[in-house]
Amino acid sequence: MAERLLLITGNYSPEPTGIGKYNGEMMQWLAEKGYDCTVITTYPYYPHWKIQAPYEQQGHWYKKEIQQGLTVYRCPQYIPAAPSGMKRVLMDASFFLAAFFRLFILLFTRKFDVVMVVVPPFHLGFLGLLYKWIRGARLLYHIQDLQIEAARDLQMIRSRWLINTLFRMERFILHRADLLSSISEGMMRKIGAKSGREIFFFPNWVALSYFFPINERQQLKAGFGFRAEDKVILYSGAIGEKQGLESILDVAMTMQDDPRLKFLICGAGPYKTTLENKARSMSLQNVIFYPTQASSHFNRFLNMADIHLVIQKANAADLVMPSKLTTILAVEGLALITANEGTSLYELVRTHELGIVVAAENQQALHEGLLQALNEDSGHITSRAGDYARNFLAIDSIMTSFEGNAIKASR
C-alpha cells in the first residue's frame, strides 16, 4: 500500500511564487513517486492578496479537488486587501479555524502515515500535533519563514506581550514535532537555538526544465519592448514591506541621467500601490512597473534582464530566504544582492561567488554595486551561478534527499 501523506499549509498551487509554488511542486513530485497525497489549504491569493481566478466565486466555502493523483481540500479564509500586522493575525486565525474543521473530519475518515506542516503561519503546527496524538502519524514541521521574528523586527506587531506569547506557542510545537526542517543555514541556527534540536536542511529548489539560460538577450529585449542598448535592471517578486524596495527608487533617481538604464519592478503585493505612488511623486521616468508574468514566458522574461536585484532589509536577512534567487541562478543571471556580513545569504553568495553582494539598507553600497555590475565583466559569476543551480538546486536531488531522510524515516 502506498504511503499516505497529509500536507497542511496556508499556501499552495496555483500560486505562482513563494511558498505555494514550492508546496505544489513538492506534492506533485511525491504523487508521481506513488505516494497517496492529500492537502489541506486555502484558495490561491498570494502575491495579489485577493482570491485568484478561477476561484473568485468559490472562496467563501469548502471545496474538494482531485488533481493528478492528489486530493486537495480548500478552506475559506479572511484575506485583507491591505494587510497590517493585526490583520495578518486575523487572517491566519481564520484559516486555522477553517482547516481545523476540515481536519476534524479527516481524523475519523483517513489514516495518514505522515503529516507535514509548512509554515508560516506557525500555529498550523497545532493541527499537525492534534492529528499526531490521535492517529499516531509522524509530524514533519517545515519552516519557510521565521514569522514571529519577522513580525517583531519589522515592527508589524509591536506588543511585547503578544510576541512573547507567540514564541511560547511556537516552542511548544518545536519541542513536539518529530522532525524540524528549514531552508537556510541561518534560519536553521535560529530554530536550533530556540528548540535545542537538530534541524534538517530542506532548501528550496528550481525546476531546471523550466528555468535555463537563453543566449539571445538582444532579441528577448526587443520582444519586451526594449532597445538592444538598454540595460534592464529587474526586481521580480513579491512587493511587500520586508523587501525595502524604496531603495530601488532612490538609486534610480541618482542614475536617471543615463538613458540606457531601465529599472523594472515586476510582481504584486500589498505595497505595490504605495511604491507606484512614490515613483510618480519622484517623477521617475526610468522605473517601470510590470504585473506578475505568466509562467509560459517567465523564463524568457528573466533571461532578458541584464541585472537582477535581490533586495531585503537588514533585519530580515536571516528570517527569510529569497526564493527568487534560485531562478536567477538557474538562468545564469547576474544577481545584485543586499545582505550583511554574517547572514546565511551573504555567506552563501560570497562562498560560491554567485553574485554581487552589498550591505543592506546602504544606498551608497547599492549604487556602487550597480556600477560594478554595469561596468565589469561578470561572466565568471554567472557561470558559477548556473553551475550551482544545476549541482545543488535541482528538484529531483533535493526531494530525493528529503524523501529518504524525512518521509521514509517514519516507516
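Structure shown above.
Fair warning: this is a prediction, and the values are worked out from it, not measured in the lab.

Draft legend 1. Representation of the packing of aromatic side chains. Tallied over the entire structure, the rule returns 19 aromatic pairs. Their ring planes at 70 degrees and their centres at 5.5 Å tell us that phenylalanine 100 and phenylalanine 101 sit as a pair that is edge-to-face. With a relative accessible area of 28%, phenylalanine 100 lands in the partly exposed category. An aromatic cluster of at least three residues, connected via ring pairs, comprises Tyr22, Phe200, Phe202, Trp205 and Phe402. Across from the ring centre of tyrosine 22, 4.7 Å away, lies the NZ or CZ of lysine 21, which sits over that ring. Taking the ring centre of phenylalanine 172 as reference, the NZ or CZ of arginine 176 above it sits at 3.7 Å.

Draft legend 2. Geometry of the layout of surface pockets. Computed from the structure, the second largest pocket encloses a volume of approximately 540 Å³. What lines the second largest pocket is a set of 26 residues, and nearest its centre among them are Ile183, Phe201, Pro203, Leu348 and Tyr388. At the level of elements, α6 (185–195), α11 (324–330), α12 (344–352), α14 (379–392) and α15 (395–407) are the ones that each hand at least two residues to the lining of the second largest pocket. Per-element tally for the lining of the second largest pocket: the top contributor is α12, with five residues. Its residues placed into classes, the lining of the second largest pocket shows 14 nonpolar, nine polar and three charged.

Draft legend 3. Representation of the sheet that holds strand β12 (residues 307–310) within the structure. Ordered in space as β11-β10-β9-β12-β13-β14, the six strands form an open sheet in which the pairing is parallel. Of all strands in the sheet, those bounded by a partner on one side alone are β11 (287–290) and β14 (356–358). With direction set aside, neighbouring strand axes in the sheet form an average angle of 25 degrees.

Draft legend 4. Region of the structure containing the pattern of salt bridges. Summed over all chains, the structure comprises 16 salt bridges. Across the salt bridge formed by lysine 132 and aspartate 178, the nearest N and O atoms sit 3.2 Å from each other. On the criterion of sequence distance, the pair formed by lysine 132 in helix α3 (residues 125–135) and aspartate 178 in the loop between α5 (160–174) and β7 (179–182) is long-range, its members being 46 residues apart. When its relative accessible area of 29% is taken as the criterion, aspartate 178 is described as partly exposed. Among the salt bridges present, the one from arginine 390 reaches aspartate 387, with a minimum N-O distance of 3.0 Å. Of the two residues, arginine 390 and aspartate 387 both sit in helix α14, three residues apart, roughly one turn of that helix. Residue aspartate 387 is classed as partly exposed on the basis of its relative accessible area, which comes to 35%. The network of salt bridges with common partners includes Glu149, Glu170 and Lys194.

Draft legend 5. Fine view of the side chain of lysine 132. Residue classification places lysine 132 among the buried positions, given a relative accessible area of 18%. At 2.8 Å, the side chain of lysine 132 and the backbone oxygen of arginine 176 are in polar contact. Apart from residues no more than four positions distant in its own chain, lysine 132 is found in contact with Ala137, Leu139, Arg176 and Asp178.

Draft legend 6. Summary view of a nonpolar patch on the surface. On the surface, Tyr78, Met86 and Leu90 cluster together to form a nonpolar patch covering roughly 300 Å² of accessible area. One can find tyrosine 78 in the loop between β4 (70–75) and α2 (85–109). Given the relative accessible area of 36%, tyrosine 78 is considered partly exposed.

The rules behind these values
Residues numbered from 1 in each chain as written. Predicted model: local features only at pLDDT ≥ 70, side-chain atom pairs only at ≥ 80, totals over all residues. Heavy atoms only, no water. Phe/Tyr/Trp six-rings, centres within 6.5 Å; stacked < 30°, edge-to-face > 60°. Buried < 20%, exposed > 50% of the residue type's maximum accessible area, 1.4 Å probe, protein only. Lys NZ or Arg CZ within 6 Å of the ring centre and 35° of its normal. 1 Å grid on protein atoms, 1.4 Å probe; cavity = no way out; pocket = protein on both sides within 12 Å on 5 of 7 lines; lining within 4 Å. Points joined across faces, edges and corners; volume = space filled by probe spheres on them. Helix = DSSP H or I, 4+ residues; strand = E, 2+ residues; numbered from the N terminus. Nonpolar A, V, L, I, M, F, W, Y, C, P; charged D, E, K, R; others polar. Pairing = 2+ DSSP bridges. Axes fitted to C-alpha atoms, helices over the stretch in contact; angles between N-to-C directions. Salt bridge = Lys/Arg side-chain N within 4 Å of Asp/Glu carboxyl O. Polar contact = N/O pair within 3.5 Å; in protein donor to acceptor, adjacent residues only side chain to side chain. Contact = heavy atoms within 4.5 Å. Patch = residues over 30% accessible without salt bridge, like charges linked within 9 Å, V, L, I, M, F, W, Y side chains within 5 Å. Areas by Shrake-Rupley, 256 points an atom, 1.4 Å probe, with all protein chains shown as cover.

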